[in-house]
Amino acid sequence: MEKIPDFGKERKIHEARWEKKAEDEAARGVISRALRGEKLFPTDEEKKTPQDFMHAEAERDNTEFNKRHIEVKSKEEFEAWQKLLRPVIEGFKERVNNPEDTDNGTLIIMWPGGMKGAYTAGQAIGLHEMGVKGKVVDMVIGTSTGAVIATPFVEGTDALLKSTTMMIEELSSEDFINPYSPVRWLKRNVIRLQKIKELWTKGEYKIDEEAIKKSPTDLIYTVTEPMRGDETEARVKYLDAKTIKPGMIDGVIASMSIPFMTGERPEIDGKTYNDGGFGLKDIEKDIAEYTRRRGKAPKNVLVLPTTPFEMLEEMKPSEKEVKFAEYAKQQAEKMVKAGSSAKAGSLKQIEKGLLLKGELRKSLELIQKQQGINVAVLWPENADLSFVGIDGGDMQAATLSAGRGVYKEWGAKQPEEFPHYVSQKQQLKQAIAGFKEAA
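S.K.: For this particular structure, what's the right way to read the overall build of the protein chain?
M.R.: Scanning the protein chain for helices and strands turns up 17 helices and nine strands. Residues counted as buried form 49% of the 439 residues belonging to the protein chain. For the protein chain, restricting intrachain contacts to residue pairs at least 6 apart in sequence, the fraction spanning at least 24 positions comes to 74%.

Structure follows, in structure tokens:
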């Protein structure tokens, strides 16, 4: 009989995560609570314990299991998506067995999602473990946070594991993103994208651009053209990561750049661009780009969405996003009257990007209309991540669940421990803890 993994180390990760959540909430100040819409002065009875967070997640998991497997309407929809997934997985398996079979063209599309990119990171690691890497993948198209994952995915497994740890440990910090700081808003640097460049340029997380350029896999980033004041739709542009100037790291930052929020935008081949996520995710255009570059259409296309299936019906923008979009629209109208068309276009693009989630379901329905090409979405398990959330524990949990989900869909045996990279910082902590225990 096959031994069932006990997942002991992962259980400890979750227990530590729940304890930290309780500690962080207890230590939160009045201003921080007010900004988060929480009760300003909770009583001792109202303060959450680690068990409260554990129970909340268990209830969420039960609700979502019901949506996927019990509730008739959502169960039927989930099964329809899974029916699309089966031939895509079989197609990728065939390519793993025969990497030189370029007639079985493969395309992986990594969508945007801010800090929800932890889902994609876990799935990407799982795909590598299934042999989906190197010559097996003809092209990867990454948008915004998807570009952050696509880059090390093409370089190799070690780089992918390191960049995933980088995201969980280094980017889950207020140094990288802080929407609650008025100063950061005034400096228009709520998300400090330059931190990615700093981490990828030197030290343990350094990206090997030459190795990526030599890879047989095409690496493409999407960006959007800055909108003019009279435009209503963002124009998507595809960038070849291996040839753009000054380099692919700047290409990643360009694909994530949000006007008035992420600092100075880099010039790519002499032009500035905005976040690729501002454009409608059109699978047909991605397939057309693959066909243009490689001379024939792909046979199997796999989409990694940064959004769990359960959230599909809730993809309308949040109340805060609607209010911010309305503010951007008002400011854009003022700038048009003042004659500043360029800045007005950027603000309109923010408004468009924030409200675009409401159109996402329509773009996903295009998948079902593809003829002769297998296209599917690999839905991650829900870990309740948000676009700007910086809880490293939650991101790690999302990586683990999403990665193990790939093993499940591939019909592969679950490992005792999911692959991961232990950072130098964590190695030092473990050494100190071991020293104290020995003493």
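S.K.: So what exactly am I meant to see when it comes to the environment of Ser-257 here?
M.R.: With respect to the helices and strands, Ser-257 occurs in the loop between α11 (248–256) and β5 (267–268). A relative accessible area of 0% means that Ser-257 is categorised as buried. Beyond its immediate sequence surroundings of up to four residues, Ser-257 is in contact with Leu-193, Thr-262, Arg-265, Pro-266, Tyr-273, Asn-274, Asp-275 and Phe-278. At 2.7 Å, the side chain of Ser-257 and the backbone oxygen of Ile-253 are in polar contact.

S.K.: Mind showing me how you'd approach the pattern of salt bridges here?
M.R.: Pairs can form between side chains of opposite charge whenever their charged atoms are close. All told, the structure shown has 16 salt bridges when counted by the stated rule. A salt bridge links Asp-175 to Arg-192, with the nearest nitrogen and oxygen atoms 2.9 Å apart. Residue Asp-175 is found in the loop between α7 (157–169) and α8 (182–186), and its partner Arg-192 is found in the loop between α8 and α9 (194–201); the two are separated by 17 residues along the sequence. For Arg-192, a relative accessible area of 18% gives the class buried. Here Glu-289 ties to Arg-293 by a salt bridge, and the two come within 2.6 Å at their closest N and O atoms. Residue Glu-289 and its partner Arg-293 are located together in helix α12 (residues 283–294), separated by four residues, close to a single helical turn. Judged by relative accessible area, which is 29%, Arg-293 ranks as partly exposed.

S.K.: Explain the packing of aromatic side chains here, please?
M.R.: Each aromatic ring pair is specified by the distance between its two centres and by the angle formed by the two planes. The full count for this structure, using the stated rule, is two aromatic pairs. Between the aromatic rings of Tyr-205 and Tyr-421, the centroid separation amounts to 6.4 Å while the plane-to-plane angle is 75 degrees, which identifies the pairing as edge-to-face. Residue Tyr-205 is located in the loop between α9 and α10 (209–214), and its partner Tyr-421 is located in the loop between α16 (392–410) and α17 (424–438); the two are separated by 216 residues in the primary sequence. According to the relative accessible area criterion, Tyr-205 is buried, its value standing at 5%. Overall, Tyr-421 belongs to the buried group, its relative accessible area being 19%.

S.K.: What am I meant to see in α11 here?
M.R.: Counting along an α-helix, one turn takes 3.6 residues, and residues three or four places apart therefore face a common direction. When you tally the buried positions in α11, you get nine out of nine residues, the bulk of the element. Taken residue by residue, α11 has Met-248, Ile-249, Asp-250, Gly-251, Val-252, Ile-253, Ala-254, Ser-255 and Met-256 as its buried positions.

S.K.: Honestly, the nonpolar core in this entry has me stumped. Any pointers?
M.R.: Where a protein is soluble and globular, its nonpolar side chains tend to be buried together. One finds Ile-108 and Leu-302 to be the most contacted residues of the largest nonpolar core, which totals 69 residues. Those residues within four positions of Ile-108 in sequence are excluded, and the remaining contacts are Phe-92, Leu-127, Val-132, Val-137, Met-139, Val-140, Ile-141, Phe-153, Leu-302 and Leu-304.

Cut-offs applied
- Residues numbered from 1 in each chain as written.
- Predicted model: local features only at pLDDT ≥ 70, side-chain atom pairs only at ≥ 80, totals over all residues.
- Heavy atoms only, no water.
- Helix = DSSP H or I, 4+ residues; strand = E, 2+ residues; numbered from the N terminus.
- Buried < 20%, exposed > 50% of the residue type's maximum accessible area, 1.4 Å probe, protein only.
- Contact = heavy atoms within 4.5 Å.
- Polar contact = N/O pair within 3.5 Å; in protein donor to acceptor, adjacent residues only side chain to side chain.
- Salt bridge = Lys/Arg side-chain N within 4 Å of Asp/Glu carboxyl O.
- Phe/Tyr/Trp six-rings, centres within 6.5 Å; stacked < 30°, edge-to-face > 60°.
- Core = buried A, V, L, I, M, F, W, Y, C linked by side-chain atoms within 4.5 Å.

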